[in-house]
Amino acid sequence: MALYLSDLQGAWVLDRSGRRVGRLEDLVVRQVGQTADTTGLVVRHGRRLGYWPLAVVATVAPGVIRLQAAGPGGGPPPDGEVWLVRDLLDAQIVDMTGARVVRVNDVVLDDQPERLVVAGVDVGLWGLLRRLGWAAPARWLASFLGWRAMETFIPWADLAPIPKGPLPGPLAISLDRLKQFHPYDLAEVVEAMGWQQRQSLCHTLSDPQLAKLLHESRPAMQAAMLDEMGPARVARVLAAMAADDIADLVADLPPARAQALLATLPPDRAGMVGHLLSYAADTAGGLMTTEMLVMPQTATVTAAVRRLRAQPLAAETANEIHLVDREGRLTGVVSMRHLLLAPGHARLASIASPVPATVYGHTPLARIVDLIGRYRPQTVPVVDGGRRLLGVVSSTDALTLACLPKTDDRG
Amino acid sequence: MRGCLGRWLSRAWPWPRLPLWLAVIGPGIITANVDNDPGGITTYSLAGARFGYGLLWTLIPVTVALILVQEMCARMGVVTGKGLSDLIRERFGVRWAFYSLLALVIANVGNVLAEFAGIAAAGQIAGVSKHLSVPLSALFVWWLAIKGSYRSVERVMLVGSAVYLAYVVSGLLTGPHWGTVTRALVVPTWSFQADYLSMLLAVAGTTITPWMQYYLQSSIADKKLKPETYALTRWDVVIGCVLTNVVAFFIIVACAETIHRQGLVIESAADAAVALEPLAGDWAAGLFAFGLFNAGLLSASILPLATAYAICEGLGWETGLNHGFREAPAFYGIYTGLIVLGAGLILLPGAPLLPIMYWSQVVNGILLPVVLILMLRLVNNRRLMGAHVNGPGLNLAAWATVVLLIACTVLFVLSSLWPGLLVAGGVAHGPLPE
């Protein structure tokens, strides 16, 4: 039978002979595997809190709880365990299936023989109304208007609680499960955390994971995270980031902090990032990355593959090889598919496709989007006046920026 | 007390680390500027016009109280990284959170109304009908937030707040007798005249409001400021509070030296502009109208947004302008509703504006003690604040402030409910057109 924590909160607790022991203050639970079992009750008698293990509880019903034991008393409550009202009710949780942060309006318990299991939490409007004591009139109104009562229930196995306090409480968030989130969703979850929880999460993430999280976070959050990392970690995380992502990061920082960050980069990368920063954010120069595959057009397929294996490039632009002539001028592009299908002795120039469109560093975003719409390329090369290749804009990046709502709320 | 406050303030003087300080600057000073809304300008003007320097001394205790209260909020925001409504919900449960937020909405309907009333009054001075100025401003404010560029415009309006400097210059130009002014500032005077008491309460009530605590803490939590840089945040808050009341000081001085000295009575917003004549001469009315308009627009763009954020955070609903209406209907609903209600009531022919503003002041007054007591309990919660709880000296000062403010608001509420109790003539809490 399903019970709501809100119906039990403040319920009279009666002993064997029907005398009042006190009012129910809280339920203590313990996580065993995928489920959380109630281990006992915390009962308030005046100013005193007493603890009764579940074994002495006879029946649990809304508004009244009967014990098998006699008389007042009860042991001292276990402070270090999870208390449902104190630690979970009204707290924020991560809904693991929806990857969103919601607030616990009520806790649903399952009354099984000899057990009281936490089934999950109610995060919907009805839970809120029930807590406020308006459930009955609201239900009447809803049925009068013909609305269907929608329950919003999240099973215990699908949620990760975010502790209420800044200190890690007994309900420590299960960090391992959060790591499976897409960085964008993880950034939203981190936004709801206190700084101590954020620090411990960042501590357990790998450098590339942290780099992605940093890239998806708001500027204020980025600044805070960089501060918390310490110089050694910052250097490692920046090493795992693409140059254009570093440029985005640096562009949002206050000038003094940006300078300090650039100073930690190796000179060649710092130069690359500095060059990217010299363009406005919504131009080809501001969007492009200089981390791309560039090879001479005279190279053979075998040589190209050997080089790819020797220096793998983990960037979204690594699905194409850009070919240049002796002067560094762009002559064509080879897709990975063409490379894979071609015989080993073939020259790259012989399997290359012509580049449908190139842009200059100052070309505005709207023009790039227009070109992408026309030719559907994976990347748009950025060249200088002499057609020398400067970098490439990934189509995904350009389209994402073009689609984003222009808020400084998050961007 | 002074030594304690001094030590507390002197832990870090920000200037040697200027760039960092500039990075942290913000929430405190912005909140303080929004606090100087049309209601505030009107109240200070009326105080100076009616009583001359008689109420000047209240500015010092009000400033101290404002600093104490705002500092606690800022500290909670920094340490917990959460907004005030989040903390109330998590520590005191859904009932406290829900009903205090409900009161916040009711109080803020009145506040938003007062902001639009200021805009309407400014428009009328400039000869623009309120039927034009109010809907256009409401639409502008709404569109700003939906478009998401309100933060950049917020900065423009903060610069526009420099118009308050006009009061400083005007106050200086009137050539007040500084000995008298200093004495009036330092030596409390008292009168049991009903008007006087009511005005005193209005000054305290317009300076320390519930919404400020929610707004300040949320913006600080939002900026992800950390305990290590807290000394700078505290300076931001202290300077903001002092700035607000320096402006209030000069408004009172300017009004005392002009309107009060000439024995004039403020009957409409345009009358209050006389205080700027020493500086602006014939342009005084225009300058005053601009100041009022800017203040109204700034506050009207921040208040509804701050309210919507506080409610959605506390009740666990989707917040934020990056989500779109379909994902965050409650957020947009509350935000839009507040603007429509505030601006609409001004335009509604025969709408009972005075009762609405009185009642929202009453709800403001009832809410403030509740918020303050909840705040004090939160800030002293070791589970939450760890080593950053109030020290005994600060606690004593804070509780004394809270008790005084509660006494003030109880008086304020009673006098609003039964105007005969204190008020003989009745005190408007905001500029009302027509």
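Residues numbered from 1 in each chain as written. Chains lettered and ligands numbered in written order. Predicted model: local features only at pLDDT ≥ 70, side-chain atom pairs only at ≥ 80, totals over all residues. Heavy atoms only, no water.

**Quick look at the overall build of chain A**
When helices and strands are tallied, chain A shows 19 helices and 19 strands. Taking the principal axes of its C-alpha atoms as reference, chain A extends roughly 100 × 50 × 45 Å. Going through the 411 residues of chain A one by one, you find that 48% of them count as buried. The centroid of the 41 positive side-chain charges in chain A is displaced by 2 Å from the centroid of its 41 negative side-chain charges. (Helix = DSSP H or I, 4+ residues; strand = E, 2+ residues; numbered from the N terminus. Buried < 20%, exposed > 50% of the residue type's maximum accessible area, 1.4 Å probe, protein only. Lys, Arg positive; Asp, Glu negative; His and termini not counted. Charge placed at Lys NZ, Arg CZ, Asp CG, Glu CD.)

**Here's the deal with a nonpolar patch on the surface**
Residues and elements named next belong to chain A. On the surface, a nonpolar cluster with roughly 640 Å² of combined accessible area is contributed by Trp140, Leu141, Phe144, Leu145 and Trp147. Inspection of the secondary structure puts Phe144 in helix 4 (residues 135-145). Under the relative-accessibility criterion, Phe144 is labelled exposed at 59%. (Patch = residues over 30% accessible without salt bridge, like charges linked within 9 Å, V, L, I, M, F, W, Y side chains within 5 Å. Areas by Shrake-Rupley, 256 points an atom, 1.4 Å probe, with all protein chains shown as cover. Salt bridge = Lys/Arg side-chain N within 4 Å of Asp/Glu carboxyl O.)

**Some points on helix 18 (residues 365-375) of chain A**
Residue and element names in this part refer to chain A. Leu365, Ile368, Leu371 and Ile372 are the residues of helix 18 that are buried. Taken down its axis, helix 18 places every buried residue within 120° of arc, on the same side. Here the buried face of helix 18 lies against helix 14 (284-287), strand 18 (379-383), strand 19 (389-394) and helix 19 (395-403). (Arc of directions from axis to C-beta. Contact = heavy atoms within 4.5 Å.)

**Quick notes on the nonpolar core**
Across soluble globular proteins, nonpolar side chains show a tendency to be buried alongside one another. Ranked by size, the top nonpolar core spans 91 residues in total, and within it Phe116(B) and Met375(B) carry the most contacts. Of the residues forming this core, the biggest block, 19 residues, is contributed by helix 6 (residues 84-125) of chain B. Filtering out sequence-adjacent residues up to four positions away, Met375(B) remains in contact with Val69(B), Met72(B), Cys73(B), Met76(B), Leu84(B) and Gln213(B). If you look at the next biggest cluster of nonpolar residues, it comprises 56 residues, including Ala187(A), Leu205(A), Leu249(A) and Ala258(A). (Core = buried A, V, L, I, M, F, W, Y, C linked by side-chain atoms within 4.5 Å.)

**Points about the sheet that holds strand 14 (residues 159-162) of chain A**
Residue and element names in this part refer to chain A. The strand order across the open sheet built from 3 strands is 10-9-14, with neighbouring strands paired in antiparallel fashion. Each end of this open sheet is capped by a strand with a single partner; those strands are strand 10 (100-103) and strand 14. Sheet twist, expressed as the average angle between the axes of neighbouring strands with direction ignored, equals 35°. Two strands pair when backbone bridges link them, and strand 9 (residues 92-95) and strand 10 are joined in this way by 4 bridges, in the antiparallel orientation. Within strand 10, the position partnered with Asp95 by the bridge is Arg100. (Pairing = 2+ DSSP bridges. Axes fitted to C-alpha atoms, helices over the stretch in contact; angles between N-to-C directions.)

**Here we look at the packing of aromatic side chains**
In total, this model carries 12 aromatic pairs over all chains according to the counting rule given. For the ring pair Phe98(B) and Tyr99(B), a centre distance of 5.2 Å and an interplane angle of 90° mean the geometry is edge-to-face. Ring centres of Phe331(B) and Tyr332(B) lie 5.6 Å apart, and the angle between their planes is 85°; on these two criteria the pair is classed as edge-to-face. Pair check on accessibility: Phe331(B) and Tyr332(B) agree, each one buried. Ring-pair connections join several aromatic residues into one group, and the members of that group are Phe51(B), Trp57(B), Trp190(B) and Tyr196(B). We note Arg23(A) situated over the ring of Trp12(A); from NZ or CZ to the ring centre the distance is 4.1 Å. Seen from the ring of Trp126(A), Arg139(A) lies directly overhead, with NZ or CZ sitting 4.5 Å from the centre. (Phe/Tyr/Trp six-rings, centres within 6.5 Å; stacked < 30°, edge-to-face > 60°. Lys NZ or Arg CZ within 6 Å of the ring centre and 35° of its normal.)

**Focus on the packing of helix 6 (residues 183-191) of chain A against helix 8 (residues 207-216) of chain A**
Residues and elements named next belong to chain A. In the contact formed by helix 6 and helix 8, the axes pass within 8 Å of each other and the chain directions differ by 70°. When the interaxial angle is binned, helix 6 and helix 8 end up roughly perpendicular. Together, Pro183, Tyr184, Leu186, Ala187 and Val190 of helix 6 and Lys212, Leu213 and Glu216 of helix 8 make up the contact between the two elements. Considered class by class, the residues forming the contact of helix 6 with helix 8 number 6 nonpolar, no polar and 2 charged. (Parallel < 35°, antiparallel > 145°, perpendicular 65-115°, else oblique. Nonpolar A, V, L, I, M, F, W, Y, C, P; charged D, E, K, R; others polar.)

**Quick word on the sheet that holds strand 17 (residues 330-335) of chain A**
All names here are of chain A. Pairing is mixed in the open sheet, where 3 strands are placed in the order 15-16-17. Pairing within the sheet leaves two strands with one partner each, and these edge strands are strand 15 (293-296) and strand 17. Sheet twist, expressed as the mean angle between neighbouring strand axes with direction ignored, is 30°. As paired strands, strand 15 and strand 16 (residues 320-324) are joined by 4 bridges and run parallel to one another. What sits directly across from Met295, in strand 16, is Leu323. The sheet contacts of helix 15 (residues 301-310) involve strand 15 and strand 16, and relative to strand 15 the element is tilted by about 145°.

**Some points on the pattern of salt bridges**
Following the criterion strictly, the structure yields 26 salt bridges over all chains and no others. A salt bridge links Arg44(A) to Glu25(A), with the shortest nitrogen-to-oxygen separation between them at 2.8 Å. With Arg44(A) in strand 4 (residues 35-45) and Glu25(A) in strand 3 (residues 20-32), the pair connects residues that are 19 residues apart, well separated along the chain. Since its relative accessible area comes to 27%, Glu25(A) is described here as partly exposed. A salt bridge links Asp106(A) to Arg130(A); its shortest N-O distance comes to 3.1 Å. Taken together, the positions of Asp106(A) in strand 11 (residues 106-112) and Arg130(A) in helix 3 (residues 125-132) put the pair 24 residues apart, joining distant regions of the chain. Per residue, the accessibility class of Asp106(A) equals that of Arg130(A), and both read buried. A network of salt bridges, in which partner residues are shared, links Arg103(A), Lys82(B), Asp86(B) and Glu90(B).

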